[in-house]
Amino acid sequence: MAEERACCVVSVSGLPDAPTPAAGPWSCSGVVLSRGPGLVLCQGAVFAPFLRDGPAAWAQPRTLRPDALRPRLRLLVLQPPAGTRAPALGLDAPAAPQSPAGGLRQHEARLLALVPCGAFQRALARAFGRAEQWRFGGEPAGDDLRALHWFAWLRVPGLDSPGGGWTARAGAGCLRKGEGLLACGSPFGALCPDLFLNTLSRGVVSNLAGEENALILTDARCLPGTEGGGAFLPSPAGPRLVAVIAASFCWKGAEWVGLTLLCSLAAILRSSTSVLDEAGIAVPPVPGWAGAVQAGSGQDPLAWAALVECGAAWGSGVLLAPRLLLTCQHVVEAGAPLHVTPAPGPGRGRVVFATEESSPFDVAVVELEESVPAFVPPRLADTFLPGEEVSVVGFGALGHACGPSVTAGVLSAVVAVAGRPVMLQTTCAVHGGSSGGPLVSSRSGCLLGIVASNTRDTGAGATYPHLNFCVPITILQPPVARYCRTGDPSAFAALNRAGKGVRAAWRLQRQPGPPSKL
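So, how was this worked out
Residues numbered from 1 in each chain as written. Predicted model: local features only at pLDDT ≥ 70, side-chain atom pairs only at ≥ 80, totals over all residues. Heavy atoms only, no water. Helix = DSSP H or I, 4+ residues; strand = E, 2+ residues; numbered from the N terminus. Buried < 20%, exposed > 50% of the residue type's maximum accessible area, 1.4 Å probe, protein only. Contact = heavy atoms within 4.5 Å. Areas by Shrake-Rupley, 256 points an atom, 1.4 Å probe, with all protein chains shown as cover. Arc of directions from axis to C-beta. Salt bridge = Lys/Arg side-chain N within 4 Å of Asp/Glu carboxyl O. Pairing = 2+ DSSP bridges. Axes fitted to C-alpha atoms, helices over the stretch in contact; angles between N-to-C directions. 1 Å grid on protein atoms, 1.4 Å probe; cavity = no way out; pocket = protein on both sides within 12 Å on 5 of 7 lines; lining within 4 Å. Points joined across faces, edges and corners; volume = space filled by probe spheres on them. Nonpolar A, V, L, I, M, F, W, Y, C, P; charged D, E, K, R; others polar.

Chemist: Before we go on, may I ask you to explain the overall build of the protein chain in this structure?
Modeler: Assigned secondary structure in the protein chain consists of 10 helices and 27 strands. By residue count, 53% of the 518 residues in the protein chain fall in the buried class. In the protein chain, once contacts between residues fewer than 6 apart in sequence are set aside, the share between residues at least 24 apart is 69%. Total accessible area on the protein chain stands at roughly 21600 Å², and carbon and sulfur atoms take up 56% of it.

Chemist: Would you explain helix H2 (residues 118-127) in this entry?
Modeler: Structural remark: α-helix, 3.6 residues per turn; residues separated by three or four positions point the same way. Where H2 is concerned, the buried positions are Ala 119, Phe 120, Ala 123, Leu 124 and Ala 127. Projected down its long axis, H2 carries its buried residues within an arc of 140°, all on one side. Those residues of H2 that are exposed and aimed more than 90 degrees away from the buried face are Ala 125 and Arg 126.

Chemist: When you look at the pattern of salt bridges in this model, what are you seeing that I'm missing?
Modeler: Two side chains of opposite charge can pair, provided their charged atoms sit close to one another. All chains considered together, the criterion is met by 8 salt bridges. The salt bridge involving Arg 74 is made with Glu 108; its shortest N-O contact spans 2.8 Å. Residue Arg 74 is located in strand E4 (residues 73-79), and its partner Glu 108 is located in strand E5 (residues 105-116); the two are separated by 34 residues in the primary sequence. With its nearest N and O atoms 3.5 Å apart, the salt bridge here joins Arg 350 to Glu 367. Of this pair, Arg 350 sits in strand E20 (residues 347-354) while Glu 367 sits in strand E21 (residues 364-368), placing them 17 residues apart in sequence. Beyond isolated ion pairs, a larger network of salt bridges with shared partners links Arg 323, Arg 350 and Glu 367.

Chemist: Please clarify how the sheet that holds strand E12 (residues 240-247) should be interpreted in this entry.
Modeler: What holds strands together in a sheet is hydrogen bonding between their backbones, with the strands either parallel or antiparallel. What the 6 strands build is a closed barrel, ordered E8-E9-E10-E15-E12-E11; its pairing is antiparallel. Going from strand to strand, the sheet's axes swing by 45° on average, the running direction of each strand aside. Pairing geometry for strand E11 (residues 230-233) and E12, over 4 bridges, is antiparallel. Bridging across to E12, Gly 230 finds its partner in Val 244.

Chemist: Mind showing me how you'd approach empty space enclosed by the protein here?
Modeler: To find leftover empty space, a probe the size of one water molecule is rolled over the atoms. Evaluation of the coordinates by the stated rule reveals 1 cavity of 30 Å³ or more. Put simply, the largest cavity is a space of about 50 Å³. Lining of the largest cavity is provided by Val 392, Val 393, Gly 394, Gly 396, Ser 405, Val 406, Thr 407, Ala 429, Val 430, His 431 and Ser 434. Looking at the lining of the largest cavity, the elements with two or more residues in it are strand E22 (389-394) and strand E23 (405-417). Along the lines of polarity and charge, the residues of the lining of the largest cavity split into 5 nonpolar, 6 polar and no charged.

Chemist: I would appreciate a short explanation of the sheet that holds strand E1 (residues 7-14) in the present structure.
Modeler: Pairing within the closed barrel is antiparallel, and its 6 strands lie in the order E1-E2-E3-E7-E5-E4. Taken pair by pair, the neighbouring strands of this sheet meet at an average axis angle of 40°, ignoring direction. Note that E1 and strand E2 (residues 26-35) share 6 bridges and pair antiparallel. For Cys 8, the partnering residue across the bridge sits in E2 and is Gly 30.

Here it is, written out as structure tokens:
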């Protein structure tokens, strides 16, 4: 696939006879941007152990030249032999010289410069507030955040090809939330490239921030070592490289968010103009191209979602009518004045009904003071198909700073009691702040339900964003219809009278059995 041909592994090590050899080798993923001349771009943090001035060098606003690193470094770029996906497994592998990397092509490289991406740095500062304790990296402790916006340009003569050109690219400014992406990188870098080189992960654009979308979040699942790999946008003419993986894991406080952080390739190129000019490298313009408009139902789930703030608590909501919104009871339980921010702008609302603490259904009904203009209500589903593709829209993750996020997955289970669906489970990444947001069928565009929670193991203290639970819209539609006809909040009273089977399902507990730890 084109994505795999455009990606590689970058390995950096000190020679044994170097004056101050650093432990290593250190490695990450990279993207081959050009074969005429051979150019590779990767994440700059892989050079951190070799900085003369240590981590303080990342605080500089200017480009770092090769003399900022310790002398006598060896830089290698690893690629699979031409025509093979997994060289060590003997799949269509042509004759190729063996290398210590297990039959991979191995190219010597030299560093042109380490470049900070200013637009990405500014977007990071805006989107990830310090008070929310964001961390990035393979472990909860994270890596040095000062290196996140740094990228490395490598000149690789072994990649030079007569008539070689640049990898097909697309500007991030054309991206839309919910649009499909394909990430390509090598988990664990050079640790075991025979097995993991240039693996693929599919996801969607979850959120966007910064100048011309310099910062991109995707729910494509990546692992440590994929930093520096590429994110590709499908197109009728083939995939186009749109961004570079900056961090594979995100943590918000103690919660694993399950999203991957990307930096727009266009933003990196703009920050690298002087470096490439000095090297005599001309960057061809990106051909004019617009993303394919997906065929669909005309429904816009982003227009249904609203930010719901109640005192210090906040969550999501879904609009069913110009003045009617559903959210979760735990979002509004503080009883403070309610602020609701749908797509057109902020407003106020009042809670007309909230389920009791004892109810298995965590639901609240809010009436807005003013109607949302030109609102097109969602179509409500009446059936659920396990395995169908779905998406969640909500104000988890970056919601406060950048509007609602979109994550995709499948409807993994439909839990029924007495033949009636009472709970939906999905594999979408759901985070704190997503509660009350809409669950949408990617196939039909219909509203399937509202998000109630993700999963937390109280024994281990771990949160699992990809296992979450939603209230089916078929539970909510009849009382909503009665309320719209009568204006009487008692229409929702039946939500407090669920039977034992429904209560046991929402307690995640077998009957009979010990208390669930979830």
